[in-house]
Amino acid sequence: MKILITGGAGFIGSNFIHYWMKKYSQDEIVNLDKLTYAGNLSNLRIVENLPNYHFIKGDITDKKLLEKLFKKENFDLIVHFAAESHVDRSITDPDIFLKTNILGTHNLLCMALKNRTRFHHVSTDEVFGSLKKNDPAFNEKTPYDPRSPYSASKAASDHLVRAYFHTYELPITISNCSNNYGPFHFPEKLFPLFITNLLENKKIPLYGDGEAVRDWLYVEDHCRAIDTIIKKGKIGETYCIGGNSEKSNKEVTYKILALLDKNEKMIEFVKDRPGHDQRYAIDFSKIKNELGWEPSVSFEDGIKKTIDWFSTNKAWWKSIKNGKYKEYYDKQYANH
Ligand code: NAD
Ligand code: TYD
């Protein structure tokens, strides 16, 4: 099978490439990635010299490049990860989110349609909005109610993917997953930011009262869920993926502090994120009952594995936490 993976140099995309090439070593993978600030080819050192792995630096909003690529290659499957993915950046600079997440996805759909290529769209639970404490968890029937420029752009992309199924019968599936954590996570998000700050003996900025809740899934479990949907999912369907691990940010923070032998003096409560979604939770019974997937890594084990990875791969994140990243960090946390 020849697979086009978009955004394969990012956090989940690179984990997915490792997962897939280990399990399906005969398949050919083409990784198309723009290498934005979040894309990092050092995530792919282990596979970069394999004869069945190819990297193309390119932008999914560049139609000409896509046309050339699709004329040359005949893909059996597209797994679409490429996106602008950080909520805080979408608040300060929304334009690029609309361009990449909406127009970029649409360009890929147009290309897929020409060859009727199977298309899996990787999306987020954030499209469903924000839950109150006792609300039932999101499921596939929950109405969309995105509240940040990031989630609104992902919601729009989901609608386009579904429209291409209903209108043109393009063979698509969509997954809406909760928050991931694990190796190669860019240190702007909660987990890698807090772990790496603490490893550098720096304070950790907890937004608001720290009571916002997220559901956490170890990234390899997400990769396995996407694999399950690709192999066994029903065309045209959406699947919600979750970790069965709802935690407040404070709980996550205290857990990380304890595992790194630090105390709560390292926490700096900072101004809340504008429009901060209070709670995400996922009911993943559809994928569990219909396709037999469920998370396999517990939160306890996942957090230990993740801290271990960041502790032994200091060179990876230290080279990121320089230059442009420092500029972003100082600006992002300046007014808090
Ligand atoms: P990431 O920001 O770590 O990586 C995104 C990758 O896409 C980077 O390699 C970047 O260079 C590339 N990219 C960005 N714009 C591009 C463009 N115009 N053309 C080509 N490549 C481009 O993101 P991630 O956390 O790995 O998320 C991957 C996907 O999974 C996204 O679609 C995201 O919405 C979704 N998702 C993420 C999470 C999470 O917790 N991180 C949860 C659910 C769903
Ligand atoms: P994040 O990792 O940005 O993921 P998302 O907003 O997509 O869920 O944030 C996870 C939670 O952690 C969210 O409730 C915001 C909070 N958070 C902080 O408290 N401090 C921070 O510095 C960051 C980046 C996030």
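The residue count restarts for each chain, going from 1 along the sequence in the order it is written. Numbering of ligands from 1 and lettering of chains from A proceed in the order in which they are written. Restriction of local features to residues with pLDDT of at least 70 applies here, the model being predicted, together with a cutoff of 80 or more for giving and counting side-chain atom pairs; totals for whole chains, interfaces and linings are based on all residues. Think of the side-chain values as coming from all heavy atoms in the structure, minus any hydrogens and water.

Peer 1: Pulling in residues and values, what's your account of the nonpolar core?
Peer 2: Among soluble globular proteins, nonpolar side chains are generally buried collectively. With 33 residues, the main nonpolar core has Phe 191 and Ile 256 as its most contacted residues. By definition, any uninterrupted DSSP run of H or I lasting at least four residues is a helix, any uninterrupted run of E lasting at least two residues is a strand, and each is numbered from the N terminus. Mapped by element, the contributors of at least two residues to this core are helix H6 (190-199), strand S8 (204-207), strand S9 (213-218), helix H8 (249-259), strand S12 (267-270), helix H10 (299-312), helix H11 (314-320) and helix H12 (323-332). The dominant element in this core, judged by the number of residues it contributes, is H6, at six residues. Only heavy atoms enter the contact rule, under which two residues are in contact if any of them lie within 4.5 Å. Those residues within four positions of Ile 256 in sequence are excluded, and the remaining contacts are Phe 191, Phe 194, Ile 195, Leu 198, Ile 303 and Ile 307. Working definition of a nonpolar core: buried Ala, Val, Leu, Ile, Met, Phe, Trp, Tyr and Cys residues. They are joined through side-chain atoms within 4.5 Å. Three exposure classes are used, based on accessible area relative to the maximum for each residue type with a 1.4 Å probe and protein chains only: buried under 20%, partly exposed in between, and exposed over 50%. The next biggest cluster of nonpolar side chains, apart from the first, holds 23 residues, and it includes Ile 3, Trp 20, Tyr 24 and Ile 226.

Peer 1: Report on the site of ligand 1, specifying residues and quantitative values.
Peer 2: For each residue, the test is whether any non-hydrogen atom lies within 4 Å of the molecule or strand; if one does, the residue is near. Surveying the vicinity of ligand 1 reveals 28 residues, the closest of which are Ile 12, Asp 33, Ser 85, Tyr 150 and Lys 154. Each polar contact in these results corresponds to two N or O atoms within 3.5 Å; when the atoms are within protein, one needs to be able to donate a hydrogen and the other to accept it, and residues that are neighboring in sequence are counted only if both atoms are side-chain atoms. Contact distances for ligand 1 include 2.9 Å between an oxygen atom and a backbone N or O atom of Gly 10. One of the side-chain N or O atoms of Ser 85 is found 2.6 Å from an oxygen atom in ligand 1. Burial of ligand 1 by the protein chains amounts to 97% of its free accessible area of 840 Å². Note that accessible areas follow from Shrake-Rupley with a 1.4 Å probe, and for residues the cover is restricted to the protein chains shown.

Peer 1: Which residues make up the packing of aromatic side chains, and what are the values?
Peer 2: Between the rings of Phe, Tyr and Trp (Trp by its six-membered ring), a pair exists once the centres lie within 6.5 Å; its type follows the angle of the planes, with under 30 degrees stacked, over 60 edge-to-face, and the other angles tilted. On inspection of all chains with the given rule, the structure shows 28 aromatic pairs. With a centroid separation of 5.1 Å and 80° between ring planes, the pair formed by Tyr 37 and Phe 186 is classed as edge-to-face. In this pair, Tyr 37 sits in the loop between strand S2 (28-33) and strand S3 (53-57) while Phe 186 sits in the loop between strand S7 (179-181) and H6, placing the two residues 149 residues apart along the sequence. You can call Tyr 37 partly exposed: its relative accessible area is 30%. Residue class for Phe 186 comes out buried when judged on its relative accessible area of 9%. When the centroid spacing of 4.6 Å and the interplanar angle of 40° are considered together, the rings of Tyr 329 and Tyr 333 count as tilted. Grouped by ring-pair contacts, the aromatic residues Tyr 37, Phe 186, Tyr 207, Tyr 325, Tyr 328, Tyr 329 and Tyr 333 constitute a single cluster. Stacked on the ring of Tyr 37, the Lys or Arg Arg 89 has its end atom at 3.5 Å from the ring centre. When the ring centre of Tyr 239 is taken as origin, the NZ or CZ atom of Lys 286, which lies over that ring, is 4.7 Å away. When the NZ atom of lysine or the CZ atom of arginine is within 6 Å of a ring's centre and also within 35 degrees of its normal, the charge is said to sit over that ring.

Peer 1: Break down the site of ligand 2 for me, citing the residues and quoting the values.
Peer 2: For ligand 2, the set of nearby residues contains 20 residues, the closest of which are Glu 126, Arg 214, Arg 273, His 276 and Tyr 333. Here an oxygen atom of ligand 2 sits 2.8 Å away from a polar atom, N or O, in the side chain of Asn 249. Here an oxygen atom of ligand 2 and a side-chain polar atom of Arg 273 are 2.5 Å apart. In the complex, 98% of the free accessible area of ligand 2, which totals 510 Å², lies under the protein chains. Listing elements by their share of the shell around ligand 2, those giving two or more residues are helix H3 (87-92), H6 and S8.

Peer 1: Give a detailed account of the sheet that holds strand S4 (residues 77-80), specifying residues and quantitative values.
Peer 2: Think of a sheet as strands paired side by side through backbone hydrogen bonds, with each pair either parallel or antiparallel. Pairing between two strands requires that DSSP report at least two bridges joining them. Strands sit in the order S3-S2-S1-S4-S5-S6-S10 across an open sheet of seven strands; the sheet is parallel. Two strands close off the open sheet at either side, each with one partner strand: S3 and strand S10 (238-241). Put simply, the sheet's adjacent strands are angled 20° from each other on average, direction ignored. Bridging between strand S6 (residues 172-177) and S10 involves four bridges; their strand directions are parallel. Looking at the pairing, Ile 174 lines up with Thr 238 of S10. Whenever a helix is involved, its axis is fitted only over the stretch in contact; in every case the axis is a line through C-alpha atoms, and angles between N-to-C directions fall within 0 to 180 degrees. Sitting on the sheet, helix H5 (residues 149-168) is in contact with strand S5 (118-124), S6 and S10, with an inclination near 155° to S5.

Peer 1: Give me the packing of helix H4 (residues 95-115) against H5: which residues, what numbers.
Peer 2: Where H4 contacts H5, the two axes come as close as 8 Å, and the packing angle between them is 15°. Between H4 and H5, the angle falls in the class roughly parallel. As for how H4 packs across H5, the hand of that crossing is right-handed. On the side of H4, the interface is formed by Phe 97, Leu 98, Asn 101, Ile 102, Thr 105, His 106, Leu 109, Cys 110 and Leu 113, while H5 contributes Tyr 150, Ser 153, Lys 154, Ala 156, Ser 157, Leu 160, Val 161, Tyr 164 and Tyr 168. Roughly parallel means an angle under 35 degrees; roughly antiparallel means over 145; roughly perpendicular covers 65 to 115; every other angle is labelled oblique. Crossings are assigned a handedness: left-handed for a near helix turned anticlockwise from the far helix by less than a right angle, right-handed for a clockwise turn.

Peer 1: Let's hear about the sheet that holds strand S11 (residues 246-248): which residues, and what values?
Peer 2: Across the sheet, three strands lie side by side as S7-S9-S11; this open sheet has mixed pairing. Edge positions in the open sheet fall to S7 and S11, since each of these has one partner strand only. With strand direction ignored, the average angle separating the axes of adjacent strands in the sheet is 50°. Relative to S9, S7 runs parallel, the two sharing three bridges. Its bridge partner being in S9, Asn 180 is matched across the sheet by Leu 217.

Peer 1: Explain the pattern of salt bridges to me, using residue names and the numbers behind them.
Peer 2: Within this document, salt bridges are pairs made up of a side-chain nitrogen of Lys or Arg and a carboxyl oxygen of Asp or Glu, the two lying within 4 Å of each other. One pass over the full model with this rule turns up 18 salt bridges. One salt bridge in this structure joins Asp 59 and Lys 34, with 3.6 Å as the shortest N-O distance. Here the residue Asp 59 occupies a position in the loop between S3 and helix H2 (63-72), and Lys 34 occupies one in the loop between S2 and S3, the gap between them amounting to 25 residues. A relative accessible area of 17% places Asp 59 in the buried class. A salt bridge links Arg 147 to Asp 277; its shortest N-O distance comes to 2.6 Å.

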